[in-house]
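# Fold and geometry: a report
Listed below are the residues making up each chain.
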Amino acid sequence: METQNLVKFYGKKSVVHDLNLKVPKGGIYGFLGPNGAGKSTTIKMLLGLLRPTSGRIFLFNSELRNNKIEIMSRIGYLPENPILYEQMTVINFIKYLARLHGVRNNLYQRSLEMLDFFGVGRHAFSECRELSAGQRQRVGLAQAFVHDPEFIILDEPTTNLDPLGRLQIFEKLRELVEEEGKTVFVSSHILQEVERLCDQIGIIDQGKLVTSKPLGDIISQTTDHEFVIVVDRPQQLFSQLQILPYFNGIREKEFQIIVNVEDGKTDQFIEELLQLILKDKYHLKSFKPLYMPIEKVFIDALGIRSTRELENVTE
């Protein structure tokens, strides 16, 4: 998928501005941005639900506006809140949507396979209105994949799923990508989820693409200066660390010690910290960066300067 100078105005308000986005074949692309950044508008244009003010969209090397019917037959879509036909049984709902997508052969078998694959096969003969929120989400995923699409757009795919359900869906999506060569485009607010799931990341802000990188590049290029330390005697270690000369800041919060290390001093800090832990026999429970790589890139890309700001844009 590729967009070229994509623009969308609502009246005089620019929602998407000069967006040049490239999603390579195969893999999982994470599409991130704060609320109001233009993610949903972009997705609607990719699906042909909104007409761009200007610019071009290419899918499978064909321009969307000239080949919409053929292109859409090769795309699957999961909205943030899937809408089901409440009085239909689950299997009839999936079969119905499969027929709309042009599936004719082995319709029942294919529908049941997808329900089984996403963990709701045992509810196939329940009415949709009887499902829990998490089960509805899984049915939504089944309908997005039932016609065997090549490119799948998922808008907040793990909404309403518990932690175990999220892990299961991650495994299923990775299986479809690695074994069947699918391309998945995921819009999500959950940064840790994107980091675990995606191969490449794009961040949009105020309708503009501010960065797009493979996840491997993000991890290898991320420089950490802020760390969280958890030990069994935090106040004692905090007193010892306070006298070290290379911190931009150090604070204790709820049994955690949070430090901001000067540029070029990280290796020296880690070495001295380990010496203190071994010398005074601390029980080290955790030592990790304050922000994971994708969080750091998100913060830098949007110019966020505080944890409170980060919370505000990701709620």
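No experiment lies behind these values; they were computed from the predicted model shown. (Residues numbered from 1 in each chain as written. Predicted model: local features only at pLDDT ≥ 70, side-chain atom pairs only at ≥ 80, totals over all residues. Heavy atoms only, no water.)

Attention shifts here to the packing of aromatic side chains. One pass over the structure, following the stated rule, counts 12 aromatic pairs. The interplanar angle of 40 degrees and the centroid separation of 5.5 Å between the aromatic rings of Phe118 and Phe145 together place this pair among those described as tilted. Here Phe118 is found in the loop between helix 4 (107-117) and helix 5 (133-145), whereas its partner Phe145 is found in helix 5, with 27 residues between them in sequence. Exposure remark for Phe145: the relative accessible area of 2% places this residue in the buried category. Here the aromatic rings of Phe151 and Phe185 are separated by 6.4 Å at their centres, their planes lie at 45 degrees, and the arrangement is tilted. Of this pair, Phe151 sits in strand 7 (residues 151-155) while Phe185 sits in strand 8 (residues 183-187), and the two are 34 residues apart along the sequence. When its relative accessible area of 3% is taken as the criterion, Phe151 is described as buried. (Phe/Tyr/Trp six-rings, centres within 6.5 Å; stacked < 30°, edge-to-face > 60°. Helix = DSSP H or I, 4+ residues; strand = E, 2+ residues; numbered from the N terminus. Buried < 20%, exposed > 50% of the residue type's maximum accessible area, 1.4 Å probe, protein only.)

Ordered by their spatial adjacency, six strands build an open sheet running 6-7-8-3-9-10, and the pairing between neighbours is mixed. Each of the sheet's edge strands pairs with one partner strand only, and the pair in question is strand 6 (75-78) and strand 10 (208-214). Within this sheet the neighbouring strands show an average axis-to-axis angle of 15 degrees, counted without direction. Bridge count between strand 6 and strand 7: four bridges; the pairing is parallel. (Pairing = 2+ DSSP bridges. Axes fitted to C-alpha atoms, helices over the stretch in contact; angles between N-to-C directions.)

Grouped together as the largest cluster of nonpolar side chains are 48 residues, with contacts concentrated most on Leu115, Phe118, Val139, Phe145, Leu154 and Ile201. The biggest single contributor to this core is helix 3 (residues 90-100), with six residues. Each residue touching Ile201, except ones within four places of it in the same chain, is listed here: Tyr29, Gly30, Leu32, Val194, Thr211, Ser212, Lys213, Leu215, Ile218 and Ile294. Counting 24 residues, the second-largest nonpolar core is a separate cluster that includes Leu19, Leu21, Leu64 and Met72. (Core = buried A, V, L, I, M, F, W, Y, C linked by side-chain atoms within 4.5 Å. Contact = heavy atoms within 4.5 Å.)

This brings us to the pairing of strand 11 (residues 226-231). Regular strands show a simple pattern: their side chains alternate between the two faces of the sheet. With five of six residues buried, strand 11 lies mostly within the body of the structure. Across five bridges, strand 11 lies against strand 13 (residues 256-261) in antiparallel orientation. Opposite Ile229, over in strand 13, you have Ile257 as the bridge partner. Of the pairings in the sheet, the one linking strand 11 to strand 14 (residues 284-289) comprises five bridges and is antiparallel in character.

Moving on, we get to the sheet that holds strand 2 (residues 13-19). With antiparallel pairing, the four strands of this open sheet are ordered in space as 2-1-4-5. The outermost strands of the open sheet, each flanked by one partner alone, are strand 2 and strand 5 (62-63). In this sheet, strand 5 lies alongside strand 4 (residues 54-59) in antiparallel orientation, the contact comprising two bridges. In the strand pairing of strand 5, Leu59 is matched with Ser62. Where helix 1 (residues 39-46) meets the sheet, its contacts fall on strand 1 (2-10), strand 2 and strand 4, and the angle it forms with strand 1 comes to roughly 115 degrees.

With that settled, consider the side chain of Ser111. Tracing the sequence through the fold places Ser111 in helix 4. Overall, the relative accessible area of 0% leaves Ser111 in the buried class. Leave out the neighbours within four places in its chain, and Ser111 touches Ile91, Ile94, Lys95, Ala98 and Val146.

What follows is about helix 4. For the α-helix, the turn length of 3.6 residues means that residues three or four positions removed from each other point alike. The complete set of buried residues in helix 4 reads Leu107, Arg110, Ser111, Met114, Leu115 and Phe117. Buried residues of helix 4 fall within an arc of 165 degrees about the axis and therefore sit on the same side. Packing partners of the buried residues in helix 4 comprise helix 3, helix 5 and helix 6 (163-180). A positive phi of about 85 degrees marks Gly119, the residue just after helix 4. (Arc of directions from axis to C-beta.)

We now examine the side chain of Glu195. You can see Glu195 is positioned in helix 7 (residues 191-197). Despite being buried, Glu195 has no salt bridge partner; Arg196 is the closest side chain of opposite charge, sitting 9.1 Å away. (Lys, Arg positive; Asp, Glu negative; His and termini not counted. Salt bridge = Lys/Arg side-chain N within 4 Å of Asp/Glu carboxyl O.)

To continue, consider the pattern of salt bridges. Taken as a whole and assessed by the stated rule, the structure comprises 12 salt bridges. Of the charged contacts, one joins Glu127 and Arg129 as a salt bridge, the two residues approaching to 2.6 Å between their closest N and O atoms. We classify Glu127 as partly exposed; its relative accessible area is 23%. In this structure, the salt-bridge partner of Asp232 is Arg233, at a minimum N-O distance of 3.7 Å. Of the residues examined, Asp232 reaches a relative accessible area of 36% and is grouped as partly exposed. Salt bridges here are not isolated pairs; linked through shared partners, they connect Arg56, Glu63 and Arg65.

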